[in-house]
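Residue-level structural notes
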Amino acid sequence: GRGWLVAVLHAEVSPRVGVPVPGTGLAFPVDVHARSTTLLLAGHWRWREGDWGYLDAVAGLRHFSTRTRFRYELPGAIAGALPIPPAYAGAQSERWVDVQLGLKGRRQFGNGLFLGGWALAGAGGAKHTTDLMLHLGGPISAGLAWMLGYRWLDTRKEAGGFRFDARLHGPGLGLEWRW
């Protein structure tokens with residue numbers, strides 16, 4: 001068998017960080033807003049299959065979109081003491097596509113539960129991108145299953161003053177739809 005794999009991951013963070021001013025004991029606040037989205041569209045081909053489950057070969061493209069905005073305004077007490085503008089707001093964004101190759105599989109258990117995951121790697125617009133996932137799942141209805149697992153996505157992109165070196169990882173809850 002063969003089919004399509006579509007996976008979307010979106011992450012946003014908006015911290016306010018204090019940047020220390022050397023020799024003063026003071027810090028000034030910097031507002032940061034970072035947003036990253038990745039979309040994977042891949043084909044998969046059944047390599048091995050049995051009552052135990054399956055193992056698929058995967059090949060596809062991953063699109064990345066990332067944007068970071070930051071803003072600061074120096075307090076009056078330190079505005080003249082630093083060789084930087086007293087206020088600044090800026091943004092940087094980038095989009096790119098990577099080729100992804102790897103394996104995806106599932107180990108079926110007799111009670112309907114399954115253990116699955118994938119290991120994908122590649123490059124293109126980025127120096128490298130690696131995507132690993134391991135999950136436990138079970139049926140909700142015919143063609144629909146729940147999944148609870150852990151995912152680790154690592155990518156590194158550098159181009160013309162832009163640098164994106166990120167490791168997005170953590171637990172997740174998902175749905176699998178087969179038609």
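Residues numbered from 1 in each chain as written. Predicted model: local features only at pLDDT ≥ 70, side-chain atom pairs only at ≥ 80, totals over all residues. Heavy atoms only, no water.

Turning our eyes to something else, we now look at the overall build of the protein chain. Regarding its fold elements, the protein chain presents one helix and nine strands. If you list the helices and strands of the protein chain from N to C, you get β-β-β-β-α-β-β-β-β-β. Residues classed as buried in the protein chain amount to 31% of the 179 residues present. Taking the contacts inside the protein chain whose residues are at least 6 apart along the sequence as the reference set, 55% of them involve residues at least 24 apart. Surface exposure of the protein chain reaches about 10800 Å², of which carbon and sulfur atoms provide 61%. Averaging the locations of the 20 positively and 13 negatively charged side chains of the protein chain gives two centres separated by 1 Å. (Helix = DSSP H or I, 4+ residues; strand = E, 2+ residues; numbered from the N terminus. Buried < 20%, exposed > 50% of the residue type's maximum accessible area, 1.4 Å probe, protein only. Contact = heavy atoms within 4.5 Å. Areas by Shrake-Rupley, 256 points an atom, 1.4 Å probe, with all protein chains shown as cover. Lys, Arg positive; Asp, Glu negative; His and termini not counted. Charge placed at Lys NZ, Arg CZ, Asp CG, Glu CD.)

Quick look at the confidence of the model for the protein chain now. Across the protein chain, the average pLDDT comes to 90, with 98% of residues at or above 70. At the level of individual helices and strands, the protein chain shows its lowest average pLDDT in helix α1 (residues 76-79), which scores 69, and its highest in strand β6 (residues 114-124), which scores 97. (pLDDT = per-residue confidence, 0-100.)

Applying the stated criterion to the full structure yields 13 salt bridges. Asp31 is paired through a salt bridge with Arg16; the nearest N and O atoms lie 2.7 Å apart. In this pair, Asp31 sits in strand β3 (residues 26-50) while Arg16 sits in strand β2 (residues 16-21), placing the two residues 15 residues apart along the sequence. Given a relative accessible area of 23%, Asp31 falls into the partly exposed group. Classification of Arg16 as exposed rests on a relative accessible area of 57%. Where Arg167 meets Asp165, a salt bridge forms, and the shortest distance between an N and an O atom there is 3.9 Å. Residues joined in a network through salt bridges with shared partners are Asp154, Arg156, Glu158, Arg163, Asp165 and Arg167. (Salt bridge = Lys/Arg side-chain N within 4 Å of Asp/Glu carboxyl O.)

This model, assessed by the stated rule, comprises five aromatic pairs. Feature note: the residues Phe64, Trp96, Phe162 and Phe164 constitute an aromatic cluster, connected by ring pairs. Arg46 extends its terminal NZ or CZ atom over the ring of Tyr54, reaching a point 3.9 Å from the ring centre. Between Arg106 and the ring centre of Phe114, over which it is positioned, the NZ or CZ distance is 3.5 Å. (Phe/Tyr/Trp six-rings, centres within 6.5 Å; stacked < 30°, edge-to-face > 60°. Lys NZ or Arg CZ within 6 Å of the ring centre and 35° of its normal.)

Note that Thr66 resides in strand β4 (residues 53-73). Separated by 3.4 Å, the side chain of Thr66 and the backbone oxygen of Arg35 make a polar contact. (Polar contact = N/O pair within 3.5 Å; in protein donor to acceptor, adjacent residues only side chain to side chain.)

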